[in-house]
Amino acid sequence: MDPVNVAVIVKMEPDFSEGNVSYNPDGTLNRAETKNILGPHSAIAVNAAFYAKIKHGAKISICTMGPPVAESMLQHSQLMSDADELYLYSDRIFAGADTLATAEVLKSGILKMQGKMDIVFSGHRASDGETGQTGPQTAWKLGMTFLGNVIDYEIDPESRTIRVKRLVRLQGIYDVVEEVEAPLPVFIAIDPSYKPKFNTVSQRLAYEKYQKEARQRSQDFKQYLKVLNAAQIEADPKLIGISGSPTIVYKVERIPKGKATRQAEIIDGSDQEQIRRIVAKMRQSLSTMVIK
Amino acid sequence: MTEGDYRHVYIIVEHEEGKLLQVSLEMIGEARRMLDDFNKRYSSKEKVVAVLLGYNIKDISRVLIQHGADAVICSDNPELRYVRNTIYTKTIFQIATDREIAAKIEPEYAIQFKRPRYMFFAADSIGRHLSSTVLAHLESGLASDINKLVVGDLQITHQNKTGGKPMTYEKTLEMYRPDFSGFLWTTILCLDNKNPAMQKDYHPQSCSIIPGVFDIIKPDPSRNGITIEYVPKFDAQDLRVRIIDRKIIKSEIDFDSHKTIVSFGRGIKDSPEQNIKMIEELASELDAQVGITLPLSKKPFSVSQAVDSTYLIPDRVIGTSGRKVSPKVYIAVGISGAMQHISGMRDSEFIVAINPDEDAPIKDECDVFIKGRMEDVVPILIEEIRKQKQVVQA
């Protein structure tokens, strides 16, 4: 039985947590002042890969496209997952890529990894760009079955198949949990609600063991890290960076304040008398419903 | 690009077992309005084309036509009963590049037809992923989460697209996308590379559209349209991906059965834990459900595990990235009023906002604006509600 081989694509994103995030006076993100971290959805994808290691001793390779400073984020990912290999795809020619051109880089990089991948994981979407397109587009370019919104998965290493549960929200109708079986390889975009469960004693022991190993490895993470440029991953220059991007950002503007839809009555928050009147009004609104 | 290679708007329709998702009709409505204007301006006769995949769905065609579609391309097949990404992507690709279908839609435009000019998907669990893979397959551009569309002839100077020279791009779709803060609008264009050094066409110009944004056209039973059946070609390998089970679940957060909703935003920031507890108390006095704004679901505050997992969760988000609500009473606590949030609650009957900043956009969207810090105002509010309840009971 071949060992399970998994890869994770991760993204460095602004840290939106209070105290780290900085907003401009107009309410927009101040990127210069905001720290960058491993994106929260990426972190969930890393957790999902770690689950494959604990259950099946999977080999984990983590990759990202980004500037040289992104290596500290890969170190953090290794600490979380005891990753065996780290890849940073870094080249000035990658700059300005839209999702299609980014997916091309990630595809080229993954094809260059040691051995064939059984599963590639990505996060649900980035907290800053929020398109959620890079994962599925990378999957398509790799020719892998794409499974999105995955909340749970189990691999059968013998039959080389996987069973996943997906959470599909059908707005205005209902939500569905769908169980899907697919032959490996597959590409999984992990849902934000994913939580790995380690039930058995042997799994918990494996958890301890790998965590210990992860701490050692991540102290020395550069030994596991390869920084590769466009030529080294043999990415087609026509399909990456600005040249490979069908879309451009034409303009960015402040969303104009719409016409006031309601004429608000303004009340001083310390005026108890007024608030009493508003509460009465609210109660009146609520009671008309009962009469209807 | 040669004028005439790209024609029509193709809309990927979403439904569940034949029940249409509202967003499908919203997309058709917007495409109808857009193309009516387009055809007048450019003296052309391009069509609104609905692409419908599923099983036992033929009845829906009529509904789509009544709501503004000129043509419906329908693939009715048991293998397409539920969405499986690979076979759906390939079927849509086949349909989008099929000249015989194009000939049935508008014979005059069929000879040159290569692909649709524009393509719309829904920005939801299904359309978000499907649009990504379809456009990866078509090797063209995609903008996500759009809430405004404009067609224009644009003068573009771009190092790469035009080789630094000004060039005109006709019939270009300006796709407006609100960013995560809700305060910025980014306009995305999908442009052919006209730079002679690296010519390449990028069509269709595509986007995913936020549900609930565009208006549905009033159905007109007398509207005419054609339905074209398409028999998809499947690869046997792709059918090995099987859906074994489907369970319908209800969201844990029920907004619809509450007459009052109390929502909070970043205004809780000075003491998040205590403030959320206070909002919880207010909500319980009013038998209200609790909602949050999108930024809060990104967990920007350190609070106890219990508060975090109860309140700072995507299921509670009200707005374009979450739920649309319309309760009798809506209380917005510490919410500035980003457009994304407003569009999720503006249909509420009576809206009260509590905010220290009189310039906050929420002021223009509420009936009563209580100016003050939530820490000061909410306790008074709770006290008054309790008093008035006692009066009634006495």
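Residues numbered from 1 in each chain as written. Chains lettered and ligands numbered in written order. Predicted model: local features only at pLDDT ≥ 70, side-chain atom pairs only at ≥ 80, totals over all residues.

**Remarks on the overall build of chain A**
- When you go through chain A residue by residue, the secondary structure sums to six helices and 13 strands.
- Here chain A holds 292 residues, and 45% of them are scored as buried.
- For chain A, contacts bridging at least 24 residues in sequence account for 72% of all contacts bridging at least 6. (Helix = DSSP H or I, 4+ residues; strand = E, 2+ residues; numbered from the N terminus. Buried ≥ 20, exposed ≤ 12 C-beta atoms within 10 Å, placed from the backbone. Contact = placed C-beta atoms within 7 Å.)

**Let's talk about the environment of Val303 of chain B**
Residue and element names in this part refer to chain B.
- With respect to the helices and strands, Val303 occurs in the loop between helix 7 (294-297) and helix 8 (305-311).
- Using a count of 20 C-beta atoms within 10 Å as the deciding quantity, one classes Val303 as buried.
- Taking the C-alpha atoms as reference points, Val303 and Ile217, 86 residues apart in sequence, are found 45 Å from one another.
- Filtering out sequence-adjacent residues up to four positions away, Val303 remains in contact with Pro272, Glu273, Ile276 and Asp308.

**Overview of the packing of helix 1 (residues 40-56) of chain A against helix 5 (residues 201-219) of chain A**
Residues and elements named next belong to chain A.
- For the pair helix 1 and helix 5, the least separation of the axes is 9 Å and the interaxial angle reads 120°. The handedness of the crossing between helix 1 and helix 5 comes out as right-handed. Residues Lys53, Ile54 and Lys55 of helix 1 lie in contact with helix 5, whose contacting residues are Gln203, Ala206, Tyr207 and Tyr210. (Axes fitted to C-alpha atoms, helices over the stretch in contact; angles between N-to-C directions. Left-handed = near helix turned anticlockwise from the far one by under 90°.)

**As for the sheet that holds strand 6 (residues 119-122) of chain A**
- One open sheet holds the ten strands; their spatial order is 11(A)-5(A)-4(A)-1(A)-6(A)-10(A)-7(A)-8(A)-9(A)-13(B), and the pairing between them is mixed. The open sheet terminates on both sides in strands that have one partner only, identified here as strand 11 (225-228) of chain A together with strand 13 (242-249) of chain B. This sheet shows a mean twist of 30° between the axes of neighbouring strands, independent of strand direction.
- In the sheet, strand 8 (residues 161-170) of chain A pairs with strand 9 (residues 174-183) of chain A via ten bridges, with the strands oriented antiparallel. Note that in strand 9 of chain A the partner of Val164 of chain A across the bridge is Val180 of chain A. (Pairing = 2+ DSSP bridges.)

**Describing the packing of helix 3 (residues 99-111) of chain A against helix 4 (residues 134-142) of chain A**
All names here are of chain A.
- Direction vectors running N to C along helix 3 and helix 4 enclose 50°, while the axes themselves pass 8 Å from each other. One element, helix 3, and the other, helix 4, form an angle in the oblique class. Here helix 3 and helix 4 pass one another in a crossing that is right-handed. In this structure, helix 3 contributes Thr99, Leu100, Thr102, Ala103, Glu104, Leu106, Lys107 and Ile110 to the contact, and helix 4 contributes Thr134, Gln137, Thr138, Lys141 and Leu142. (Parallel < 35°, antiparallel > 145°, perpendicular 65-115°, else oblique.)

**Side note on the domain arrangement of chain B**
Residues and elements named next belong to chain B.
- Taken as a whole, chain B is organised into domain 1 (6-240) and domain 2 (260-393).
- Centre-to-centre, using C-alpha coordinates, domain 1 lies 38 Å away from domain 2.
- Looking at side-chain class alone, the side of domain 1 that touches domain 2 contains four nonpolar, three polar and no charged residues. (Domains from an automatic or database assignment. Nonpolar A, V, L, I, M, F, W, Y, C, P; charged D, E, K, R; others polar.)

**Some points on unusual backbone geometry**
- Cis geometry marks the peptide bond from Leu184 of chain A to Pro185 of chain A, where omega comes out at 0°.
- When you line up the elements, Pro185 of chain A lands in the loop between strand 9 and strand 10 (186-190).
- In this model, His203 of chain B is joined to Pro204 of chain B through a cis peptide bond whose omega is 0°.
- Non-glycine residue Glu17 of chain B carries a positive phi angle of around 50°.
- One can find Glu17 of chain B in the loop between strand 2 (15-16) and strand 3 (19-20).
- Of note, the phi angle at Glu139 of chain B is positive, near 50°, even though the residue is not glycine.
- By the secondary structure assignment, Glu139 of chain B is in the loop between helix 5 (127-138) and strand 7 (142-146).

**Concerning the nonpolar core**
- Core analysis: the biggest nonpolar cluster contains 134 residues, and Ile11 and Val51 of chain B have the highest contact counts within it.
- Ranked by residues supplied to this core, first place goes to helix 1 of chain A with nine residues.
- Those residues in contact with Ile11 of chain B, other than ones at most four positions away along the chain, are Met27, Ile28, Ala31, Val49, Ala50, Val51 and Phe120 of chain B.
- In terms of nonpolar packing, the next biggest core, distinct from the first, is built from 53 residues, Phe264, Ile276, Val317 and Met345 of chain B among them. (Core = buried A, V, L, I, M, F, W, Y, C linked by C-beta atoms within 7 Å.)

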